[in-house]
Amino acid sequence: MNKTVVSISLPQLAYDVIIAAGGLSFLGQWLSAGEVPPLTAPRKLLVVSNPTVFQIYGPTLIESLTQAGFEVSTCLLPDGEQYKTLESVQTIYDAALQHRLERRSAMVALGGGVIGDMTGFAAATWLRGIPFVQVPTSLLAMVDASIGGKTGVNHPQGKNLIGAFHQPKLVLIDPQVLETLPVREFRAGMAEVIKYGIIWDQELFAALESAPQLDRYEALSESLLHKILTRSCQAKADVVSQDEKEAGLRAILNYGHTIGHAIESLTGYSRINHGEAVAMGMAAAGWIAEKMDLWKADHHHRQLALIQKTNLPTAIPGDLDDEVVLRLLQTDKKVKSGRVRFILPAAIGRATITDQVSSEIIRQVLQQLKASPAQVQG
Ligand code: NAD
Ligand code: GLY
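Reading the values: rules and limits
Residues numbered from 1 in each chain as written. Chains lettered and ligands numbered in written order. Predicted model: local features only at pLDDT ≥ 70, side-chain atom pairs only at ≥ 80, totals over all residues. Heavy atoms only, no water. Helix = DSSP H or I, 4+ residues; strand = E, 2+ residues; numbered from the N terminus. Rg over C-alpha atoms; globule rule 2.2 N^0.38 Å. Contact = heavy atoms within 4.5 Å. Areas by Shrake-Rupley, 256 points an atom, 1.4 Å probe, with all protein chains shown as cover. Buried < 20%, exposed > 50% of the residue type's maximum accessible area, 1.4 Å probe, protein only. Pairing = 2+ DSSP bridges. Right-handed = clockwise from strand over helix to strand, strands pointing away. Expected span 1.5 Å × (residues − 1). Arc of directions from axis to C-beta. Near = heavy atom within 4 Å. Polar contact = N/O pair within 3.5 Å; in protein donor to acceptor, adjacent residues only side chain to side chain. 1 Å grid on protein atoms, 1.4 Å probe; cavity = no way out; pocket = protein on both sides within 12 Å on 5 of 7 lines; lining within 4 Å. Points joined across faces, edges and corners; volume = space filled by probe spheres on them. Nonpolar A, V, L, I, M, F, W, Y, C, P; charged D, E, K, R; others polar.

Okay, the overall build of the chain next. From N to C terminus, the chain includes 13 helices and 13 strands. Its C-alpha atoms give the chain a radius of gyration of 20 Å, near enough to 21 Å, the size a compact globule of 378 residues would have. Over its C-alpha atoms, taken along the principal directions, the chain stretches across nearly 60 × 40 × 40 Å. Restricting to contacts in the chain with at least 6 residues of sequence separation, those with at least 24 account for 75%. Summed over all atoms, the accessible surface of the chain reaches about 14,900 Å², with 50% contributed by carbon and sulfur.

What follows is about the pairing of strand E5 (residues 106-111). Most of E5 is tucked away, with six of its six residues classed as buried. Neither face of E5 is open: one carries Ala106, Val108 and Leu110, the other Met107, Ala109 and Gly111, and all of them are buried. In this sheet, E5 lies alongside strand E3 (residues 44-49) in parallel orientation, the contact comprising four bridges. Each bridged residue has a counterpart across the sheet, and for Leu45 the counterpart in E5 is Ala106. What joins E5 to strand E6 (residues 132-136) is helix H4 (residues 113-125), and the crossover it makes is right-handed.

When the terminal C-alpha atoms of helix H13 (residues 359-371) are compared, their 19 Å separation across 13 residues agrees well with the 18 Å that a helix rising 1.5 Å per residue should span. For H13, every residue scored as buried is listed here: Ile361, Ile362, Val365, Leu366 and Leu369. Down the axis of H13, the sector holding all buried residues measures 135°, keeping them to one side. In the core, the buried residues of H13 are packed alongside helix H9 (257-266), helix H10 (274-291), helix H12 (322-329) and strand E12 (342-347).

Around ligand 2, the neighbouring residues are Asp144, Lys150, Lys236, Glu246, Arg250, Leu253 and Asn254. One nitrogen or oxygen atom from the side chain of Lys150 is found 2.8 Å from an oxygen atom belonging to ligand 2. Here ligand 2, which alone exposes 200 Å², has 90% of that area covered by the protein.

Right, let's get into the layout of surface pockets. One number sums up the size of the second largest pocket: a volume of about 340 Å³. Every residue lining the second largest pocket is counted, 16 residues in all, and those nearest its centre are Ala21, Pro175, Glu222, Leu225 and His226. Looking at the lining of the second largest pocket element by element, the count peaks at four residues for helix H8 (residues 222-242). A class-by-class count of the residues in the lining of the second largest pocket yields eight nonpolar, five polar and three charged.

Laid out in structure tokens, this is it:
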């Protein structure tokens, strides 16, 4: 089997992101062969998923784990960002209690970023921390959410306000599962891929620009998909390895997320998905950077063109109240000493962090983005 491994190297620990087509059937074998040293069989594994993903991929994963000698139980949570709550985490704790998970047991997250974030948080807190494995099934979770150890849930007042840093022992990416990912979710993942192109990897950005089509999984060649996965995971690995707990550099991974989170929250976490909100947030950051003369108009236009080529939105909903958005920005985790910190592009491949964006510029850009032509979904 062809495997590409991207390593995350942190001061206290290291782990691998394995990218392998068909890898889902081999997880048990790899774990039991000691490829992830603390997780050899026999031990209890709690697989956390949602019904959408579990009915397609659950049986293969469970079979692989039980064949390898693990004692496997499952916990299914309702599907959707609106269920990324403490209540859902309580359901995981209940399952952990029912199946008597111990310190040497582990959780396995099978699903998109919502499942991964909640499973990671439950693993971080159950018995003060047990190991977990990420098996991301959405593009967004593969290239971003499953790597780097940010785990958590939303508070009604804001996204991801409750959480913990807890690194997985292994991330297993099986690109074949993308075949069943809805096209809208595929595009959402592409928003994070474009993000890496802007903040870190101009070669990745150029590869995306030269692809004939980017707006659906079927349109990507095998080699482009491989490049997208490996370079995105490598970008995240590079950043997280340098700054695990977001003391500085890691904040650039929040590019597009400042205004994006506000939009997601104000639209009830259901009308607009995370990636779409990030696409809107990147468009906003691009306009802000242009107004502040931080990057060239040409780069700004290339960013907008790439977002639109992916069929992601660059316009924001017309019914958003600018003042409410501004107020919400103040509750974002990225506020430092009362000032909102923005990640802004300096060039394709380079970002900068600033708290010098005035409310007036934000208002102007929100108005401008409401007037932009909306992108079609579908
Ligand atoms: P998601 O988990 O809601 O998944 C999107 C949808 O796709 C869901 O309905 C899911 O059931 C379905 N799905 C997933 N894989 C599938 C597959 N292979 N086939 C068919 N359907 C499939 O959303 P997401 O976009 O994966 O993740 C978004 C979440 O990730 C947000 O909560 C965001 O805050 C979080 N996130 C976390 C980090 C981090 O560093 N921890 C980074 C980025 C995003
Ligand atoms: N997605 C932002 C981060 O991992 O830091």
